[in-house]
Amino acid sequence: MYFTDTHAHLYASQFKTDRHDMLMRSVEAGVQRHYLPNIDRESIEGMLELEEKYPTHCFATMGLHPCSVGKDFEKDLYDIEAWLSKRTFKAIGEMGTDLHWDKTYFEQQKEAFKIQAGWAKKYKIPLIIHCRKSTYETIALLKELQDGTLRGIFHCFGGSLEEAQEIIKLGFLMGIGGVVTYKNAGLKEVLPQIDIQHLVLETDAPYLTPEPHRGKRNESSYIPLIAQKIADFKQIPLEEVKQKTTENALRLFEND
Ligand code: NI
């Protein structure tokens, strides 16, 4: 069995000089599949190029990131939706809400969330949800929209056990990334109480670098560091984390 990185922005400019080597390091580390969440209109071209070049390792998703939701968000959504009618994508995302950076467009973020959840229903593909300082609001929004067909990932989960239980009740998975390796992350107490069937691995590369590389650029080859930390906290073998999280990802993205 291999690892799956369910969230990696490998098309980012941070990888401009060594993209091929970086990806091969990841494959070498046992990470066979990388799901690439889109950000906005500007990221599409690079994302699709990467997918075309590495069709067995890289898989594109399509959506508008909440931090890219501004006053012209309807126009952006219109252009992004055009892509969905052109070809298939593995998921809708990265979408969601964010109250950490700029609260100006929170109403628009919620509107964009509803529209993109509608796409997920229409195309029968999962959501990749970003929420930062807005987990409560996002769960409430999703409860309103959940008709039994929505599924997906709460990416970069770092919340409480109560939040985890709400997410599980909604039928969603939690993406565990580099934050799990940080001291005082809180996941040490929460993870032992969450069944591995609700978890997937992710890096969010080039961001959120796990220890001991924190402070440097993140890349998908660090996925085993994240998996090992989960294995330690849950006191289960690394191989089990690898196998179960990949099975969860395949079930979600590939209906496998
Ligand atoms: Ni992301």
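(A) The arrangement of the overall build of the protein chain in detail. Counting its secondary structure elements, the protein chain contains 9 helices and 8 strands. Against the 2.2 N^0.38 benchmark of 18 Å for 256 residues, the protein chain shows a C-alpha radius of gyration of 17 Å, consistent with a compact globule. Once the C-alpha set of the protein chain is aligned to its principal axes, its extents read approximately 45 × 40 × 35 Å. Intrachain contacts of the protein chain at a sequence separation of at least 6 include 73% that bridge at least 24 residues. Accessible surface, the protein chain as shown: approximately 11,700 Å² in total, 49% of it carbon and sulfur. Within the protein chain, the 38 negative side-chain charges are centred at a point lying 1 Å from the centre of the 32 positive side-chain charges.

(B) Representation of unusual backbone geometry in the model. Ala205 connects to Pro206 through a cis peptide bond whose omega is 10°. As for its position among the elements, Pro206 is in the loop between β8 (199-201) and α8 (223-234). At the junction of Glu211 and Pro212, the peptide bond is cis and its omega measures out at 5° in the coordinates. Here Pro212 shows up in the loop between β8 and α8. Phi at Lys133 is positive, roughly 55°, even though this residue is not glycine. Secondary-structure assignment places Lys133 in the loop between β5 (127-132) and α5 (135-145). You can call Lys133 exposed: its relative accessible area is 60%.

(C) Local environment of the pattern of salt bridges. Enumeration over the complete set of coordinates arrives at 15 salt bridges. Ionic pairing is found between Arg25 and Glu219, a salt bridge with its closest N-O pair at 2.8 Å. Remark: Glu219 occurs in the loop between β8 and α8 and Arg25 occurs in helix α1 (residues 19-28); sequence separation between them is 194 residues. Between Glu51 and Arg87 there is a salt bridge whose closest N-O contact spans 2.8 Å. Residue Glu51 is located in helix α2 (residues 44-53), and its partner Arg87 is located in the loop between α3 (73-86) and β4 (92-98); the two are separated by 36 residues in the primary sequence. Overall, the relative accessible area of 29% leaves Arg87 in the partly exposed class. Overlapping salt bridges bring together Asp18, Arg25, Arg217 and Glu219 as one network.

(D) Region of interest: the state of the cysteines. One pass over the full model with this rule turns up 0 disulfides. We note that Cys67 lacks a disulfide partner, and the nearest cysteine sulfur, in Cys131, lies 11 Å from it. Residue classification places Cys67 among the partly exposed positions, given a relative accessible area of 42%.

(E) Looking closely at the sheet that holds strand β1 (residues 3-5). Strand order in the open sheet formed by 3 strands is β1-β2-β3, and the pairing between neighbours is parallel. This sheet does not close on itself; its edge strands, each paired only once, are β1 and β3 (58-60). For this sheet, the mean inter-axis angle between neighbouring strands, taken without regard to orientation, is 20°. Bridging between strand β2 (residues 31-36) and β3 involves 3 bridges; their strand directions are parallel. Looking at β3, one finds that Leu36 is bridged to Ala60. Of the strands in this sheet, β2 and β3 are in contact with α2, which crosses β3 at around 140°.

(F) Local environment of the coordination of the nickel ion. All of the protein donors around the nickel ion are His7 (NE2), His9 (NE2), Glu94 (OE) and Asp204 (OD); their distances to the metal are 2.1 to 2.5 Å. Spacing between the donor residues of the nickel ion along their common chain follows H-x1-H-x84-E-x109-D. Residue His7 is found in the loop between β1 and α1, and its partner Asp204 is found in the loop between β8 and α8; the two are separated by 197 residues along the sequence. Taken as a pair, His7 and Asp204 share a single burial class, namely buried.

(G) View of the nonpolar core. Core analysis: the biggest nonpolar cluster contains 66 residues, and Leu10, Leu127, Leu142, Phe172, Ile176 and Ile230 have the highest contact counts within it. Per-element accounting of this core gives the leading share, 6 residues, to α8. With residues up to four places along the chain from it excluded, the contact list for Phe172 reads Leu127, Ile129, Leu142, Gln146, Leu150, Arg151, Gly152, Ile153, Phe154 and Ile167. Counting 10 residues, the second-largest nonpolar core is a separate cluster that includes Phe59, Ala91, Ile128 and Ile153.

(H) Quick look at the environment of Glu189. Within the secondary structure, Glu189 is located in helix α7 (residues 187-190). When the C-alpha atoms of Glu189 and Phe89 are compared, they prove to be 35 Å apart, with 100 residues separating the residues in sequence.

About the criteria used
Residues numbered from 1 in each chain as written. Predicted model: local features only at pLDDT ≥ 70, side-chain atom pairs only at ≥ 80, totals over all residues. Heavy atoms only, no water. Helix = DSSP H or I, 4+ residues; strand = E, 2+ residues; numbered from the N terminus. Rg over C-alpha atoms; globule rule 2.2 N^0.38 Å. Contact = heavy atoms within 4.5 Å. Areas by Shrake-Rupley, 256 points an atom, 1.4 Å probe, with all protein chains shown as cover. Lys, Arg positive; Asp, Glu negative; His and termini not counted. Charge placed at Lys NZ, Arg CZ, Asp CG, Glu CD. Buried < 20%, exposed > 50% of the residue type's maximum accessible area, 1.4 Å probe, protein only. Salt bridge = Lys/Arg side-chain N within 4 Å of Asp/Glu carboxyl O. Disulfide = S-S within 2.5 Å. Pairing = 2+ DSSP bridges. Axes fitted to C-alpha atoms, helices over the stretch in contact; angles between N-to-C directions. Donors = N, O, S within 2.8 Å, 3.2 Å for Na, K, Ca; no water. Core = buried A, V, L, I, M, F, W, Y, C linked by side-chain atoms within 4.5 Å.

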